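Below are the chains, spelled out letter by letter.
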Amino acid sequence: DYRIERHDIRRHGSDLSVKDMSRNQFDGIARKVEFVEKNMNHQETNDENKIEERSNRAALEQMEALKKEPPTQPPVKGSINSLEEFEKLVVDSYNARQLADGDYDLPAIEGLEEWSKKYGLKYREVPREAMRFAYSNYEKYALGHDELLPASGRFNDRWGGHGVTLIDSLDTLWIMGFKDMFWRARDWVRDNLEFSKARGKVSFFETTIRDFGGLLSAYDLSGDKTFLEKAQDLGERLLKAFNTPTGLPGGQVSLSSGVQSNHRWNGGSVLLAEIGTVQLEFRSLARHTGIRKYAEAAEKVYDIIHERNNVPKGLYPIYLSSKTGRFSGSQVTTGAMGDSFYEYLLKVWVQGDRTEKKFREWYDRSADGIVEVLMKESSPSHLRYLADWKGGNRIDPKMDHLVCFAPGMYALGYHTSADKNSKRAKRDLRVAKQLMYTCWQMYERMETGIAAEYVKFTGSNDFITPQNHYLLRPETVESLFILNQVTGNPIYRIWGKRIMDSIEKYCRVKFGYGALSNVHNVNQKPRDSMESFFLAETLKYLFLLQDPDVPIDLNEWVFNTEAHPLKIFK
């Protein structure tokens, strides 16, 4: 048996020549050959040998699969005549299985970096022009209101009526070089922004990530103290949300009275993502003002969660009792209501210049648990995805578009690792690539080229789309930006360019860009709805992805979950 297997491995190894293999594929085959040769003189068929034989046969099956779909070698091209030719060469460098497995490196194209730069210089102008178009219409028709309605040119004030789109757009205007619009927005903030006049109770979470984060970022970028003064005023008002028996903030707070409460729909529970995705902002204000109470209130949330709960495998249920601080359910997800909690464990550590070890330890444990428990593989295309876990053996093969932040999170985890050659760091980069391709497939397979709100991995073609709408979400392009920064691979710029093209084709309306009701319908009219995060996040990340002169260095800045860059504490 061993002689036959050695012959088979040698034969497959010669058919699939060394130059056609990835480093990992070659090493795996070599290890199997070494094992077989060591056992040539041992003919005993005890249980241990049988186990190893099955392992060898599995390796041979993998080689058969590779033989059927051998890795395509990146073409080496000495002379490229156009960006279209460059794009085709990059795309043709990989086959679907390589991309699904995350088993790919930079394409071997002569002048790769220079051509990628030319590509980015051209296509950064598309999201930049989209921002100019959308924000100038907001400025003209909805200034001071929360959202511009892009089809009608009207507006709404559903976030409290204090100019959320303006505040959310400040750093995008600065980064894209629209300084005239930026300074006019600063003047409005200085002369008109009064949080005491916000209508009713506002979302503690959304106001923190959009308004609080937006003001702090505008201050970090411009140095204009107007933004810090307004941020501190807002921070004081938001701080009252922490006035609860446990110290876990309520889901809603009145910016005028300070009265806080939880959302009615979730029975008085607090949501993991909402209480665990505010720490960057409050810590930033504490850093700028020297007033520790802001950071202490936000950081205490993490301590309460860990002191009052067991967190096996670093997987946190999404509901907690506001009265006890204990988990009040078993559902675990990296999608809605869980997602950004995991992101902030890593980013708080990054923000603190990688010195506060407990945050990285919590993150690493979660990153391990997500891969071990939530990461699954589809059929027939071997797409990796992150399912929801409902406790025990109950897995829901559902993946929100929101989950597409995860490739960027794992890539950032790799990028900030002390040893990028460690087993964990290599795994994190591979997982980032695997999930990134899945998120791209969620776009590429739709008739509009735009992803649905969520998919379910079932049926004969990997996944279906039970919810077909698209809300102009940013998570996929966020991850494309981070992976491009970390790896330099232009494939991410190409995917981002195609997503931007689809947004232009199917979402653009008279005054801005509208959400879609059905990503399968190429003849529909967009909705009269444009979230502020489209300008704050989606267009910003699409621009930064392409911009070869990107002003935001991941070693100097950390993005909050609304794409507002905040300075790392050096």
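See the structure printed just above.
Anyway, here's the lowdown on the structure attached to this text. This one's a predicted model, so the numbers in the text were calculated from it and none came from an experiment. Every chain's residues receive numbers from 1 upward, in the order its sequence appears when written. The model is predicted, so local features are restricted to residues of pLDDT at least 70 and side-chain atom pairs to those at 80 or more, both for listing and for counting; the totals for chains, interfaces and linings are taken over all residues. Each side-chain value is worked out from all heavy atoms of the structure, with water and hydrogens disregarded.

Things to note about the overall build of the chain
Rules: Numbering of helices and strands runs from the N terminus, with a helix taken as a DSSP run of H or I at least four residues long and a strand as a DSSP run of E at least two residues long. Burial classes: relative accessible area under 20% of the type maximum marks a residue as buried, over 50% as exposed, and values in between as partly exposed (1.4 Å probe, protein chains only). Working rule for contacts: check all heavy atoms of both residues, and any pair within 4.5 Å makes them a contact. Accessibility throughout is a Shrake-Rupley quantity obtained with a 1.4 Å probe, and a residue counts as covered only by protein chains that appear here.
Helix and strand counts for the chain come out as 21 helices and 16 strands. The buried share of the chain, reckoned over its 570 residues, is 61%. A sequence separation of at least 24 residues applies to 69% of the contacts in the chain between residues at least 6 apart. A total of about 22,900 Å² of accessible surface is found on the chain, and carbon and sulfur atoms cover 46% of it.

Structural notes on the pattern of salt bridges
To keep it simple, the criterion reads: Put simply, a salt bridge is a Lys or Arg side-chain nitrogen that is within 4 Å of an Asp or Glu carboxyl oxygen.
For the structure on display, the rule yields 43 salt bridges. Its salt-bridge partner being K88, residue D92 comes within 2.6 Å of it at the nearest N-O pair. Looking at K88, the relative accessible area reads 54%, which means it is exposed. Here K293 ties to E236 by a salt bridge, and the two come within 2.9 Å at their closest N and O atoms. With K293 in helix α14 (residues 293–308) and E236 in helix α11 (residues 225–239), this pair connects stretches of sequence that are 57 residues apart. Bridged by salt links that share partners, the residues E147, R158, E206, R210 and E531 form one connected network.

Some words on the nonpolar core
Which entries qualify depends on this criterion: To form a nonpolar core, buried Ala, Val, Leu, Ile, Met, Phe, Trp, Tyr and Cys residues must be joined to one another through side-chain atoms within 4.5 Å.
Residues F282, Y316, I503 and Y513 are the most contacted members of the largest nonpolar core, which totals 166 residues. With eleven residues, the top contributor of residues to this core is helix α18 (residues 423–444). Setting aside chain neighbours within four positions, we find Y513 in contact with A130, F133, A134, P150, L472, I503, E504, C507, R508, S529, M530 and F534.

Quick word on the environment of V455
Its place among the elements puts V455 in strand β13 (residues 454–456). What makes V455 buried here is its relative accessible area of 1%. When the C-alpha positions of V455 and T465 are compared, they lie 4.6 Å apart, and in sequence the two are ten residues distant. With near-sequence residues (within four places) excluded, V455 lies in contact with P397, K398, M399, M442, F463, I464, T465 and P466.

A few points about the packing of aromatic side chains
Put simply, the rule is: Only the six-membered ring of Trp is used, alongside the rings of Phe and Tyr, when aromatic pairs are assigned; centres must lie within 6.5 Å, and planes under 30 degrees apart are stacked while those over 60 apart are edge-to-face, with the rest tilted. Working rule: Lys NZ or Arg CZ, within 6 Å of ring centre, within 35 degrees of ring normal, means a charge sits over the ring.
Under the counting rule described, the total for this entry stands at 32 aromatic pairs. Ring centres 6.0 Å apart and planes at 85° place the aromatic pair F133 and Y513 in the edge-to-face group. Here Y513 lies in the loop between α20 (491–507) and α21 (532–546) and F133 lies in helix α7 (residues 125–141), a separation of 380 residues in the sequence. Taking the centre distance of 6.2 Å and the plane angle of 70° together, the rings of Y302 and W362 count as edge-to-face. In this pair, Y302 is assigned in helix α14 and W362 in helix α16 (residues 357–374), connecting sequence segments 60 residues apart. Each member of the pair, Y302 as well as W362, is classed as buried. A connected cluster of aromatic rings, assembled from ring pairs, spans Y302, Y316, F327, F341, Y342, F359 and W362. Positioned above the aromatic ring of Y454, the side-chain terminus of K398 is 4.9 Å from the ring centre.

Comments concerning the state of the cysteines
Stated precisely, the cut-off is as follows: Throughout, disulfides are identified as pairs of cysteine sulfur atoms within 2.5 Å of each other.
Under the defined criterion, the tally for this structure stands at one disulfide. C404 shares a disulfide with C439; S-S distance 2.1 Å. Judged by the sign of its S-S torsion, about -100°, the cystine formed by C404 and C439 is left-handed. One end of the pair, C404, is in the loop between β12 (398–400) and α17 (406–415); the other, C439, is in helix α18, and 35 residues separate them in sequence. One exposure class covers both C404 and C439, and it is buried.

Overview of the packing of helix α6 (residues 112–123) against α7
Here is the rule: Fitted lines through C-alpha atoms serve as axes, helices being fitted only where they are in contact, and the angles separating the N-to-C directions of these axes extend from 0 to 180 degrees. Orientation labels follow simple angle bins: below 35 degrees gives roughly parallel, above 145 gives roughly antiparallel, 65 to 115 gives roughly perpendicular, and whatever is left gives oblique. Residue polarity is assigned by list, with Asp, Glu, Lys and Arg as charged and Ala, Val, Leu, Ile, Met, Phe, Trp, Tyr, Cys and Pro as nonpolar; anything else, Gly included, falls into the polar class.
Two numbers describe how α6 lies on α7: the axes approach to 5 Å, and their chain directions differ by 20°. Here α6 lies roughly parallel to α7, going by the angle between them. On the side of α6, the interface is formed by L121, K122 and Y123, while α7 contributes E125, V126 and P127. Looking at the contact of α6 with α7 residue by residue, the class counts come to four nonpolar, no polar and two charged.

Comments concerning the sheet that holds strand β5 (residues 260–261)
To keep things clear, this is the line we draw: Here, a strand pair is defined by DSSP locating no fewer than two bridges between the strands.
Pairing within the open sheet is antiparallel, and its three strands lie in the order β3-β4-β5. In this open sheet, the two edge strands, each paired with only one partner strand, are β3 (201–203) and β5. Here two bridges tie strand β4 (residues 252–254) to β5, and the two strands are oriented antiparallel to one another. Bridge assignment links V253 to a residue of β5, and that residue is Q260. Along the sheet face, helix α10 (residues 204–222) touches β3 and β4 and points at about 65° away from the line of β3.

Examining the layout of surface pockets
Note the threshold: With a 1 Å grid spanning the protein atoms alone, the term cavity applies to any set of points in which a 1.4 Å probe fits but cannot get out, the term pocket to an open set with protein on both sides within 12 Å along at least five of seven lines, and the term lining residue to any residue with an atom within 4 Å of a point. Grid points are joined across faces, edges and corners, and a volume is the space filled by probe spheres set on the points.
Size it by volume and the largest pocket reaches roughly 880 Å³. Around the largest pocket sit 40 residues that line it, and W159, F205, E206, R210 and R473 are the ones nearest its centre. Sorting the residues of the lining of the largest pocket by element identifies β3, α10, α12 (272–275), α15 (339–351), α19 (475–487) and α21 as the ones contributing at least two each. A per-class count over the lining of the largest pocket returns 17 nonpolar, eight polar and 15 charged.

Remarks on the side chain of N309
What counts, and what does not: Pairing of N or O atoms within 3.5 Å defines a polar contact, subject to two protein rules: one partner must be a possible hydrogen donor and the other a possible acceptor, and residues neighboring in sequence count only if both atoms are side-chain atoms.
Relative to the assigned elements, N309 resides in the loop between α14 and β7 (319–321). Polar side-chain contacts of N309 include one of 3.0 Å to the backbone oxygen of I305. A distance of 2.9 Å separates a polar side-chain atom of N309 from the backbone oxygen of G325.

Structural notes on the sheet that holds β13
Spatially, the three strands line up as an open sheet ordered β12-β13-β14, and their pairing is antiparallel. The open sheet is flanked by β12 and β14 (464–467), the only strands paired with a single partner. Between one strand axis and the next, the sheet turns by 35° as a mean value, whatever way the strands run. By the bridge criterion, three bridges tie β12 to β13 in an arrangement that is antiparallel. Residue pairing in the sheet places K398 in a bridge with K456 of β13.

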